[in-house]
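Here is what each chain is made of, one letter per residue.
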Amino acid sequence: MTDVTDGVLHTLFRSDQGGHEQVVLCQDRATGLKAVIAIHSTALGPALGGTRFYPYASEEAAVADALNLARGMSYKNAMAGLDHGGGKAVIIGDPERIKTEELLLAYGRFVASLGGRYVTACDVGTYVADMDVVARACPWTTGRSPENGGAGDSSVLTAYGVFQGMRASAQHLWGDPTLRGRKVGVAGVGKVGHYLVGHLLEDGADVVITDVRPDAVRRVTDEHPEVTVAADTDALIRTEGLDIYAPCALGGALNDRSVPVLTATVVCGAANNQLAHPGVEKDLADRGILYAPDYVVNAGGVIQVADELHGFDFDRCKAKASKIFDTTLAIFARAKDDGIPPAAAADRIAEQRMAEARTPALLGEASQL
């Protein structure tokens, strides 16, 4: 057994980052499917979280990512006030090379075999059209197209929720919930980031962007020629006069290399698992950088797909996503009162909600003994 595998098993069974209820390894040789479905908690209801399709360096790395993402979804769903626990799935491989209709149907059958304990949706590497295919094999699928009874692209409300988190950060730090005149750097202008840029510009912010894909940058600059383009993320985070940094690509953006050179005074972005390891939140606080917890501000998408299960209504979802502003302010207040970083304050609030949900269930079980 490799050291990486030992690390995965340690996370699952013995670390504070574990505690997952179930991890399912899925394989369909006929289609080339290799997938991991991780269910962290069903305390609040069926686990809900997207499907990531990504060319991981190893199967062990895929399992580790699924575990981290599923745990994050438990906290995200709890803070969003949803009656859902946390889960996540990853499909191993390059979606540009191996994604087929047959593979997605095989994946849908594996999700369906869980009988509703896990509800899937889109994530990195999967799209609305993919969920339409998965839904043919699995009724517990959200993020489908409107033509197939779904809500469509959840990136729209994800970006809107991040924007609300930025407004709350501005209110907390500068006493005014506007980004007008603020310089905001957006790293990753794909599914979510390009919508976020639109909100920022409409509010009067000066926007700097970067992305590893030239076509993603070009799409934004064609639509918004007033934005500035940084060569890469390293250049972006060192931009002079940067007020807010918005990581909107993959996780781990806040780490031992980036935090010491970050010029922004606020971090608020759409990426999941932005903190590379426990302790980064303290490093940010020690530098006087306000961190809006990722799973709080990027919850607009999961609010949207959860609503799809009950008959989607966009206005209802947008109203709920607007409350991310109030939730973010409440976290900052709790952090100040408890003398802890905002990430720790958000964790405490989410853990309290999950614990309160478990207690009545446990009392019910005890009464039947």
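As shown above, the structure is provided for reference.
Everything quoted here is computed from the prediction, not taken from an experiment.

S.K.: Please set out the environment of leucine 262 residue by residue, giving values where relevant.
M.R.: For leucine 262, the position within the fold is in the loop between strand S10 (244-247) and strand S11 (266-267). When the C-alpha positions of leucine 262 and aspartate 83 are compared, they lie 37 Å apart, and in sequence the two are 179 residues distant. The contact partners of leucine 262, leaving out residues within four places of it in the chain, are Ile237, Tyr245, Val267, Leu284, Arg287 and Ile289.

S.K.: An account of the sheet that holds strand S7 (residues 183-187) is requested, with residue identities and associated values reported.
M.R.: The strands making up a sheet associate through hydrogen bonds between their backbones, and the pairing can be parallel or antiparallel. With respect to topology, 6 strands assemble into an open sheet ordered S9-S8-S7-S10-S11-S12, the strand pairing being parallel. The open sheet terminates on both sides in strands that have one partner only, identified here as strand S9 (228-229) and strand S12 (290-291). Bridging between S11 and S12 involves 2 bridges; their strand directions are parallel. Each residue of the ladder has a partner; that of valine 267, found in S12, is tyrosine 291. Helix H8 (residues 214-223) contacts strand S8 (206-210) and S9 of the sheet and is inclined by roughly 155 degrees relative to S8.

S.K.: Just give me the short version of the side chain of aspartate 65, but keep the residues and values in it.
M.R.: Assignment of secondary structure puts aspartate 65 in helix H2 (residues 59-79). Note on aspartate 65: relative accessible area 18%, which makes it buried. In this structure the side chain of aspartate 65 is engaged in a polar contact, spanning 2.5 Å, whose partner is the side chain of tyrosine 56. Discounting chain neighbours no more than four positions away, the residues touching aspartate 65 are Arg52, Tyr56 and Val90.

S.K.: Can you break down unusual backbone geometry residue by residue, with the values?
M.R.: Backbone geometry places asparagine 273, a non-glycine residue, at a positive phi of 50 degrees. Its location among the elements puts asparagine 273 in the loop between S11 and helix H10 (280-286). The exposure class assigned to asparagine 273 is partly exposed, which follows from its relative accessible area of 27%.

About the thresholds
- Numbering of residues starts from 1 in every chain and runs along the sequence as written.
- The predicted nature of this model means local features are confined to residues of pLDDT at least 70 and side-chain atom pairs, given and counted, to a pLDDT of 80 or more, with totals for whole chains, interfaces and linings taken over all residues.
- Side-chain descriptors were evaluated using all non-hydrogen atoms of the structure, hydrogens and water having been removed beforehand.
- In DSSP terms, a helix is any run of H or I states spanning at least four residues, a strand is any run of E spanning at least two, and both are numbered starting from the N terminus.
- Here, residues are in contact when the closest pair of their heavy atoms is within 4.5 Å.
- Here, any two strands with at least 2 DSSP bridges between them count as paired.
- For every element, the axis is a line fit to its C-alpha atoms; helices are fit only across the contacting stretch, and the angle between N-to-C directions ranges from 0 to 180 degrees.
- For every residue, the accessible area (1.4 Å probe, protein chains only) is compared with the maximum for its type, and the residue is labelled buried under 20%, exposed over 50%, or partly exposed between those bounds.
- N or O atoms closer than or at 3.5 Å make up a polar contact, with two conditions inside protein: a donor-capable atom paired with an acceptor-capable one, and, for residues adjacent in sequence, both atoms drawn from side chains.

Such coordinate-based values are descriptive only and should not be taken to indicate function.
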